[in-house]
Amino acid sequence: MTIDKPALGNAVKAVIAAAHADDPAALYQAVMPPGGTETPPAEATTWFGTLLIRLALVAAASSDLDRGCPREAVSGWVGEVLGPPPTPALLRAADPGRIDHVEAANAAADYSRSREYAVDLIRVGLTEPDQEPDERGVEAHCAVTNDKNVRIIVMALLGRLATAPDGQG
């Protein structure tokens, strides 16, 4: 599958806008391949993987971090931009009648794992040209590309960390 570069660029901008607006419906629409639900699975996987890397590169470029910086620096920047991860108590407090402690604990763990994936993907964008990408970045890309629930969370996180290519976001 050849990726339609204008469509990819538009998708990156749409993901960033939806993430900054905290609009889940727009986010789901933004990540869809140009062919929508009719896109063959192999082409959809290529689309999602490419969009994921492009979002990670834009997020890396949006930071003031230096190429080759340690993982801790990237994690610190992510924490500064996104704030602390939600705790199970905070998630449960949002709707205590519907969200039990186990569900809240699982959601907090999923968010934390997704955030770590985002850190590892951003590090790929900060790798020196002569340096091998950290294996965690490769593993994160595979894990995120292959799990649709994690994929949307990580894309939203990367979108929130990124500034749109036209300088907005």
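Residues numbered from 1 in each chain as written. Predicted model: local features only at pLDDT ≥ 70, side-chain atom pairs only at ≥ 80, totals over all residues. Heavy atoms only, no water.

## Let's talk about helix 1 (residues 5-21)
Residue pairs three or four apart in sequence face the same way in an α-helix, which turns once every 3.6 residues. When the terminal C-alpha atoms of helix 1 are compared, their 24 Å separation across 17 residues agrees well with the 24 Å that a helix rising 1.5 Å per residue should span. Those residues of helix 1 that fall on the buried side of the exposure criterion are A7, L8, A11, V12, V15, I16, A18 and A19. The elements touched by buried residues of helix 1 are helix 2 (24-31), helix 3 (41-62) and helix 8 (148-161). (Helix = DSSP H or I, 4+ residues; strand = E, 2+ residues; numbered from the N terminus. Expected span 1.5 Å × (residues − 1). Buried < 20%, exposed > 50% of the residue type's maximum accessible area, 1.4 Å probe, protein only. Contact = heavy atoms within 4.5 Å.)

## Things to note about the pattern of salt bridges
When charged atoms on two side chains of opposite charge get close, those side chains can pair. If you walk through the whole model with that rule in mind, you get four salt bridges. We note a salt bridge from R71 to E116, for which the minimum N-O separation is 2.6 Å. Taken together, the residues span a long stretch of sequence, with R71 in helix 4 (residues 71-82) and E116 in helix 6 (residues 101-125) at a distance of 45 residues. By relative accessible area, which is 32% here, E116 ends up partly exposed. Across the salt bridge formed by D95 and R98, the nearest N and O atoms sit 3.1 Å from each other. (Salt bridge = Lys/Arg side-chain N within 4 Å of Asp/Glu carboxyl O.)

## Notes on the packing of helix 3 against helix 6
A pair of packed helices can be characterised by two numbers: the angle between their axes and the separation between those axes. Axis separation between helix 3 and helix 6 bottoms out at 8 Å; the angle between their running directions is 75 degrees. Here helix 3 is positioned roughly perpendicular relative to helix 6, judged by the angle of their axes. Packed against helix 3, whose contacting residues are L52, A56, L57, A59 and A60, the element helix 6 presents L121, I122 and G125 at the interface. Among the residues forming the contact of helix 3 with helix 6, the class breakdown is seven nonpolar, one polar and no charged. (Axes fitted to C-alpha atoms, helices over the stretch in contact; angles between N-to-C directions. Parallel < 35°, antiparallel > 145°, perpendicular 65-115°, else oblique. Nonpolar A, V, L, I, M, F, W, Y, C, P; charged D, E, K, R; others polar.)

## Quick notes on the environment of V78
With respect to the helices and strands, V78 occurs in helix 4. The spatial distance from the C-alpha of V78 to the C-alpha of E116 is 9.4 Å, given a sequence separation of 38 residues. Setting aside residues up to four positions removed in sequence, V78 forms contacts with G83, R115, V119, I122 and L161.

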